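# Descriptive analysis of the structure
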Amino acid sequence: MSDNFLPFSKPTISEEAIAEVTECLRSGWITTGPRVEKLSTLLREYLNSPHAILLTSATAGMHLTLLALNLQPEDEVITASMTFISTPNMIVQAGGKPVFVDINRQTLNMEIADIEKAITPNTRAIIPVHFAGLPMDLDPLYALAKKHGLRVIEDAAHAIGAYYKEKIIGSFGDIQIFSFHPNKNMTTGEGGCITIRDEELATQIRLMAFHGMDRAAWNRYAKTGKQDYEIIAPGFKYNMMDIQAAIGLHQVPHLKEFNEKRRRLAERYVEQLQGWPELELPKMPPYQALHAWHIFTPLLNIEKIGMDRAHFMSLLKEHNIGSGVHYKAAHLYPYYQNNYPVAPGKLINTEYVSERIVSLPLFPTMTFEDQDRVIGAMRTIFNSAT
Ligand SMILES: *Cc1c(COP(=O)(O)O)cnc(C)c1O
């Protein structure tokens, strides 16, 4: 057994990134400024998007985007319950009503037919989650949204560098929101990014991200910038700092390589774990997509192994191996049970997955030896359990 704890996720921070942060700190400009501008340019190029709006988090991006839709009471927003809680939380904060749709047990993504069934005259938007970095089937989704006049906000928190058919996520469609939390495929410490093609909505989001001010602060104080400003809406303060962008500037150039390493490890997990009766492995959909493998999430066959997930995770921890739960279904939390109850049996696959899903270690600097240790520990745990 190893003395070294293997976490389920770990950011890859280069010496160049550390030097850039130091340089930023010494430069005299640490909040939103030239490094944020440069990171935005890098991301616009990488994601082939006319806008890359950098913010403090993806949650902030979801908040601003949903607010910009000006939801009215009774307005509904369709999303998966198998997602991070920030998305339903922001739907509620923006005045909308979350409507949860079930997922496919194998891809862990929503199905178009289920989304279609959930559309009512009150539906305003759909938030697909590209779960684990696997893009949803976007052609039929956008066709459906167009038919019903709905906005689509892609929760791309897991999906930077993922492709749907020939196109990178972020380069087409309505709105995409990426997260740069340390566990994600690239990081800025905390941070998020919106890609968008609707100029009017982009302007509204930018305005509300910084106090409702018509100019960013660094322009105000720059030699050529204007000294005063107008407040035209009661905005928030969601701007990314240059200290954060300094990290991101040295992540984007490595993203492809990070994701390739993740993919190699995920494919190796699939190869090695194929056929284990204790696990159900994630599967690719019939359409063409390049997975970003943000997380590797098999389902535990809890009936077969005779223990619940919490016990399995505690045994892995005894082997010095970390794991995670992504996610407990949103509709099962007390706030949502009390305020947005879901009829029993409506989210049957989501509830099945919620009880069994586990995230195994997966990050770019993880070695095959690390991975063999995870696989060996699981074999030991399963053998002694059954
Ligand atoms: C991480 C995550 C978010 C929130 O991202 P933050 O940057 O932490 O706000 C939203 N949705 C999903 C699916 C996530 O994984």
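Right above here is the structure, for reference.
Please read all numbers here as calculations on a predicted model, not as lab measurements. (Residues numbered from 1 in each chain as written. Predicted model: local features only at pLDDT ≥ 70, side-chain atom pairs only at ≥ 80, totals over all residues. Heavy atoms only, no water.)

This part covers the site of the ligand. Around the ligand, the surrounding shell holds 13 residues, and the nearest of these are T59, D155, H158, S179 and K184. One of the backbone nitrogen or oxygen atoms of A58 is found 2.9 Å away from an oxygen atom of the ligand. Within the contact set of the ligand, an oxygen atom lies 2.8 Å away from a side-chain nitrogen or oxygen of Y327. Within the complex, the protein chains bury 92% of what would otherwise be the 380 Å² of accessible surface of the ligand. In this structure the site holding the ligand corresponds to the second largest pocket. Residue composition of the shell around the ligand, by class: 4 nonpolar, 7 polar and 2 charged. (Near = heavy atom within 4 Å. Polar contact = N/O pair within 3.5 Å; in protein donor to acceptor, adjacent residues only side chain to side chain. Areas by Shrake-Rupley, 256 points an atom, 1.4 Å probe, with all protein chains shown as cover. 1 Å grid on protein atoms, 1.4 Å probe; cavity = no way out; pocket = protein on both sides within 12 Å on 5 of 7 lines; lining within 4 Å. Sits in = over half its atoms within 2 Å of the grid points. Nonpolar A, V, L, I, M, F, W, Y, C, P; charged D, E, K, R; others polar.)

The next thing to look at is the nonpolar core. Residues L43, I115 and F180 are the most contacted members of the largest nonpolar core, which totals 59 residues. Residue assignment for this core shows that the elements contributing at least two residues are α2 (34–47), β1 (52–55), β2 (76–80), β3 (97–101), α5 (112–118), α6 (138–148) and α14 (348–356). Sort the elements by how many residues they give to this core and α6 lands first, with 5 residues. Domain assignment of the residues forming this core places at least three in each of domain 1 (15–254) and domain 2 (256–385). Beyond its immediate sequence surroundings of up to four residues, F180 is in contact with L43, L54, I160, M186, T187, T188, G189, E190, G191, G192, C193 and M240. Grouped together as the second largest cluster of nonpolar side chains are 30 residues, L265, L279, V374 and F382 included. (Core = buried A, V, L, I, M, F, W, Y, C linked by side-chain atoms within 4.5 Å. Buried < 20%, exposed > 50% of the residue type's maximum accessible area, 1.4 Å probe, protein only. Helix = DSSP H or I, 4+ residues; strand = E, 2+ residues; numbered from the N terminus. Domains from an automatic or database assignment. Contact = heavy atoms within 4.5 Å.)

With that out of the way, let us pick up the pattern of salt bridges. As enumerated under the stated definition, the model contains 13 salt bridges in all. A salt bridge links K117 to D114, with the shortest nitrogen-to-oxygen separation between them at 3.5 Å. Remark: D114 and K117 occur in helix α5; sequence separation between them is 3 residues, near one turn of the helix. A residue is classified by how much of its surface remains accessible, and D114, at 25% relative accessible area, is partly exposed. For E116, the salt bridge goes to K147, with nearest N and O atoms at 3.3 Å. Note that E116 is positioned in helix α5 and K147 in helix α6, a separation of 31 residues in sequence. Relative accessible area serves as the criterion here: at 61%, K147 is assigned to the exposed category. The structure contains a network of salt bridges with shared partners spanning E20, E23 and R35. (Salt bridge = Lys/Arg side-chain N within 4 Å of Asp/Glu carboxyl O.)

What follows deals with empty space enclosed by the protein. A complete count under the given rule lists 1 cavity of 30 Å³ or more for this structure. Put simply, the largest cavity is a space of about 50 Å³. K10, P11, T12, K184 and N185 are the residues nearest the centre of the largest cavity, which is lined by 13 residues in total. Both domains that furnish three or more residues to the lining of the largest cavity are identified here as domain 1 (15–254) and domain 2 (256–385). (Points joined across faces, edges and corners; volume = space filled by probe spheres on them.)

The subject of this paragraph is the environment of K10. In this structure, K10 sits in the segment before α1 (15–27). Judged by its relative accessible area of 40%, K10 falls in the partly exposed class. Taking C-alpha positions, K10 is 28 Å from S27, a pair spaced 17 residues apart along the chain. Sequence-distant contacts of K10, that is, excluding residues within four places in its chain, are made with F363, P364 and T365.

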